[in-house]
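Chain residues, written in single-letter form:
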Amino acid sequence: MTIQEQQDEIIADFEYLGEWMDKYEYIIQLGKELPLIEDQYKTDGNLIRGCQSRVWLHVDYIDGKLVFTADSDAVITKGLISLVIKVLSGHTPKEIAAAEITFIDAIGLSSHLSPTRSNGLLSMVKQIKLYALAYQAKSIQQ
Amino acid sequence: MTETITIGESRRPNGESRKLDIEKIRRDFPILEQTVYGHPLVYLDNAATTQKPTAVLKAMDEYYNTINSNVHRGVHHLSQLATDAYEDGRRKVAEYINAQHTHEVIFTRGTTESINLVAACFGKKFLKAGDSILVSGMEHHSNIVPWQMIAEERGAKLKVIPIDENGELVLDELESLLKGVRMVAFNYVSNALGTINPVKEIVTAAHRQGIPVLLDAAQAVQHMEVDVRDLDVDFLAFSSHKLYGPTGFGILYGKEEWLNKLPPYQGGGEMIKTVTFEKTTYNDLPYKFEAGTPDMAGAVGLGAAIDYVRALGLSNIQHAEHELMVYAMDAMSGIDGLRFIGSPDASRRAGVISFLVGSIHPFDLGELLDKQGIAVRTGHHCAQPVMDRYCIPGTVRASMAVYTNTVDIDRLVAGIRKAVTLLG
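The shown structure was predicted, so the numbers you read here are calculated from the model rather than taken from an experiment. (Residues numbered from 1 in each chain as written. Chains lettered and ligands numbered in written order. Predicted model: local features only at pLDDT ≥ 70, side-chain atom pairs only at ≥ 80, totals over all residues.)

Draft legend 1. Representation of the overall build of chain A. When you go through chain A residue by residue, the secondary structure sums to 6 helices and 3 strands. Going residue by residue from the N terminus, the α and β elements of chain A occur as α-α-β-β-β-α-α-α-α. Its C-alpha atoms give chain A a radius of gyration of 15 Å, near enough to 14 Å, the size a compact globule of 142 residues would have. Along the longest, intermediate and shortest principal axes, the C-alpha atoms of chain A span 50 × 30 × 25 Å. Counting only residues that meet the buried cut, chain A has 36% of its 142 residues in that class. Once local pairs closer than 6 in sequence are excluded, the contacts in chain A between residues at least 24 apart make up 66%. (Helix = DSSP H or I, 4+ residues; strand = E, 2+ residues; numbered from the N terminus. Rg over C-alpha atoms; globule rule 2.2 N^0.38 Å. Buried ≥ 20, exposed ≤ 12 C-beta atoms within 10 Å, placed from the backbone. Contact = placed C-beta atoms within 7 Å.)

Put into structure tokens, the structure is as follows:
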């Protein structure tokens with residue numbers, strides 16, 4: 001599935017969930033299913049500092065693709081992270097660097113990407129993009 | 001053109017309280033009549049900012065519609081009216097806090113600016129290498145950082161009055177903590193915990209050693225009587241927007257002798273007497289500290305807010321809010337796993353309930369309350385040292401105002417229960 005197809009699927013999923021509380025129930029469920037980062041990677045170096053909740057992000061470079069695992073101390077943030085990972089993880093650095101994240105806005109959670117929200121999600125998306133750019137630059141050099 | 005008006009003692013209420021009609025009061029705040037995510041708004045973020053009654057909005061509207069003009073400058077009619085309105089605001093503030101002179105009331109942009117002003121001006125003149133500033137362990141960053149900045153500049157350091165498990169200041173070691181201290185700065189009421197601090201005890205101890213005191217009253221002036229002469233504080237800071245007044249406006253009170261000793265803060269218009277390229281002489285109090293065109297509408301709005309609060313009666317407000325605090329803490333105690341951060345005693349608190357439920361992250365709880373139309377604050381409340389003290393990432397804070405009713409509290413309790421089920 002491409003990044004865009006994955007985003008479309010999430011948008012379609014959320015369309016079924018009318019009520020806010022239903023959406024959040026789903027996000028919380030996703031948070032609980034998030035492939036957890038291995039403890040050895042839950043380091044200060046992998047910590048993305050949001051104001052209110054902490055987010056750890058780890059990247060592996062496998063067969064030309066970037067695979068992300070993450071964790072957060074807040075469940076809702078964790079759910080949102082799992083959506084971002086679902087969309088971006090397992091793609092090439094080039095695809096990730098070029099991707100436009102539209103689904104968060106489309107499912108009505110754009111406020112979570114506001115810098116004032118400080119829940120770490122925006123910083124995480126930025127960090128994923130930075131990793132992608134770094135690996136892209138590296139692969140061009142090689 | 002400093003005028004000195006000595007304000008009488010007659011304004012003190014007699015201590016008896018009248019029961020307030022909260023439903024009638026709520027009608028003065030039209031913003032409360034709205035729905036958020038399909039639910040009637042429950043506004044419990046009053047420690048961040050209170051809503052404004054129509055009387056305040058009207059007064060500001062009228063100022064702009066009828067007399068707006070620059071103050072203290074023009075000889076023309078409107079300028080005179082604007083100046084009168086602006087100075088009337090100052091007089092109302094002076095009366096509200098029982099200042100001896102109106103010129104002891106300086107208009108600023110808020111509590112933060114008031115504290116920065118004192119820290120910068122006092123530090124420049126009185127702080128030497130090796131000196132200390134004493135703050136408390138439950139200060140808002142606004143009453144830590146300005147002191148840290150000037151301390152760093154002058155080679156001075158910060159000392160801290162510790163807090164105990166119940167969110168109370170530990171004063172056993174106060175006498176020895178005061179050694180080498182040049183200024184004591186602390187809050188009347190903690191914004192993160194709601195604790196009401198023993199101001200007089202600290203002031204007495206500080207004054208015994210000749211040390212001045214700055215009191216951050218940002219979380220106090222809307223909940224209880226604050227009398228600067230009775231408390232004998234040397235400086236006092238608060239914000240208009242937490243006292244039902246407009247945002248971006250605040251107060252610094254200082255005893256005349258102290259304000260006269262401090263150098264000016266910012267340079268510009270209004271704060272001068274004469275200017276030549278060789279030498280500028282500064283204006284008298286309060287204008288020495290009010291450089292530039294001030295916020296005239298802000299003064300008018302705060303004046304109207306004070307009129308509003310005084311018409312309700314501070315002791316009535318205090319009584320009603322205490323009853324609600326007891327009701328809220330009692331109702332919230334019934335929630336499994338809920339723990340209050342700070343004093344378990346409602347009478348030791350004003351306006352603020354900080355809490356956590358089990359191991360639920362405050363952000364998750366706040367988010368799910370928001371989606372039920374309930375506005376609370378989550379996080380460290382700009383008091384990170386307090387959170388470090390309790391080893392927690394933050395709290396959920398519900399804070400009340402005079403218009404908060406039992407329906408708001410019932411909705412909060414139901415909202416927490418629903419969120420807990422969802423997160424469970």
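Draft legend 2. Up close: the confidence of the model for chain B. All names here are of chain B. Confidence in the prediction of chain B, expressed as mean pLDDT, is 94, and 96% of residues score 70 or more. For the stretch residues 1-14, pLDDT sits under 50, and the model shows 19 contacts to residues farther than four places along the chain or on other chains. The ipTM assigned to the predicted complex is 0.83, against a pTM of 0.91. (pLDDT = per-residue confidence, 0-100.)

Draft legend 3. Examining the sheet that holds strand 14 (residues 352-357) of chain B more closely. Residue and element names in this part refer to chain B. Reading across from one edge, 13-14-17-16 is the order of the 4 strands in this open sheet, with antiparallel pairing throughout. The outermost strands of the open sheet, each flanked by one partner alone, are strand 13 (338-341) and strand 16 (377-379). Pairwise comparison of adjacent strand axes, ignoring direction, gives a mean angle of 35° for this sheet. With 4 bridges joining them, strand 13 and strand 14 adopt antiparallel strand pairing. Paired with phenylalanine 340 across the strands is phenylalanine 355, a residue of strand 14. (Pairing = 2+ DSSP bridges. Axes fitted to C-alpha atoms, helices over the stretch in contact; angles between N-to-C directions.)

Draft legend 4. Quick peek at the nonpolar core. Residues Met124(A), Leu215(B), Ala217(B), Leu236(B) and Ala237(B) are the most contacted members of the largest nonpolar core, which totals 159 residues. Excluding its chain neighbours within four sequence positions, the residues that come into contact with Leu236(B) are Ile97(B), Leu215(B), Ala217(B), Val228(B) and Tyr253(B). (Core = buried A, V, L, I, M, F, W, Y, C linked by C-beta atoms within 7 Å.)

Draft legend 5. Focus on the interface of chain B and chain A. On the chain A side, the residues contacting the 13 residues of chain B number 14 residues. Secondary structure elements with two or more residues in the side of chain B that touches chain A: helix 12 (362-370), strand 16 and helix 14 (406-423) of chain B. Here the side of chain B that touches chain A takes 4 residues from helix 12 of chain B, the largest share from any one element. Looking at the side of chain B that touches chain A, its residues break down into 6 nonpolar, 4 polar and 3 charged. (Nonpolar A, V, L, I, M, F, W, Y, C, P; charged D, E, K, R; others polar.)

Draft legend 6. Focus on the packing of helix 1 (residues 3-16) of chain A against helix 3 (residues 75-88) of chain A. All names here are of chain A. Relative orientation of the contacting elements helix 1 and helix 3 amounts to 145°, with a least axis distance of 8 Å. Residues Ile3, Gln6, Gln7 and Ile10 of helix 1 pack against Leu83, Lys86, Val87 and Leu88 of helix 3. Grouping the constituent residues of the contact of helix 1 with helix 3 by class yields 5 nonpolar, 2 polar and 1 charged.

Draft legend 7. Molecular detail of the pairing of strand 4 (residues 105-108) of chain B. Residue and element names in this part refer to chain B. Burial along strand 4 is two-sided: the face carrying Val105 and Phe107 and the face carrying Ile106 and Thr108 are both buried. The pairing of strand 4 with strand 10 (residues 250-254) spans 4 bridges and is antiparallel. Pairing of valine 105 across the sheet is with tyrosine 253, part of strand 10.

Draft legend 8. Fine view of helix 3 (residues 77-96) of chain B. Residue and element names in this part refer to chain B. Under the 1.5 Å per step criterion, the end-to-end length of helix 3 is 29 Å for 20 residues, consistent within 8% with the ideal 28 Å. Buried residues along helix 3 sit against helix 2 (54-67), strand 4, strand 10 and helix 10 (296-312). A positive phi of about 60° marks asparagine 98, the residue just after helix 3. (Expected span 1.5 Å × (residues − 1).)

Draft legend 9. View of the sheet that holds strand 6 (residues 157-161) of chain B. Residue and element names in this part refer to chain B. Spatially, the 7 strands line up as an open sheet ordered 4-10-9-8-7-5-6, and their pairing is mixed. Strand pairing shows two members of the sheet lacking a second neighbour, strand 4 and strand 6, which therefore form its edges. Pairs of neighbouring strands in the sheet enclose a mean axial angle of 20°, with direction left out of account. Examined bridge by bridge, strand 8 (residues 213-216) and strand 9 (residues 235-239) share 3 bridges and lie parallel to one another. The residue of strand 9 that forms the bridge with leucine 214 is phenylalanine 235. Where helix 4 (residues 111-126) meets the sheet, its contacts fall on strand 4, strand 7 (181-187), strand 8, strand 9 and strand 10, and the angle it forms with strand 10 comes to roughly 35°.

Draft legend 10. Just the pairing of strand 5 (residues 132-136) of chain B, in detail. All names here are of chain B. In terms of burial, strand 5 is largely enclosed, as 5 of its 5 residues are buried. Burial along strand 5 is two-sided: Ser132, Leu134 and Ser136 facing one way and Ile133 and Val135 facing the other are all buried. Relative to strand 6, strand 5 is paired through 5 bridges, and the arrangement is parallel. Residue serine 136 lies in a different strand from strand 6, and its bridge partner there is isoleucine 161. Each parallel crossover has a hand, and the one from strand 5 via helix 5 (residues 145-154) to strand 6 is right-handed. Bridging between strand 5 and strand 7 involves 4 bridges; their strand directions are parallel. (Right-handed = clockwise from strand over helix to strand, strands pointing away.)

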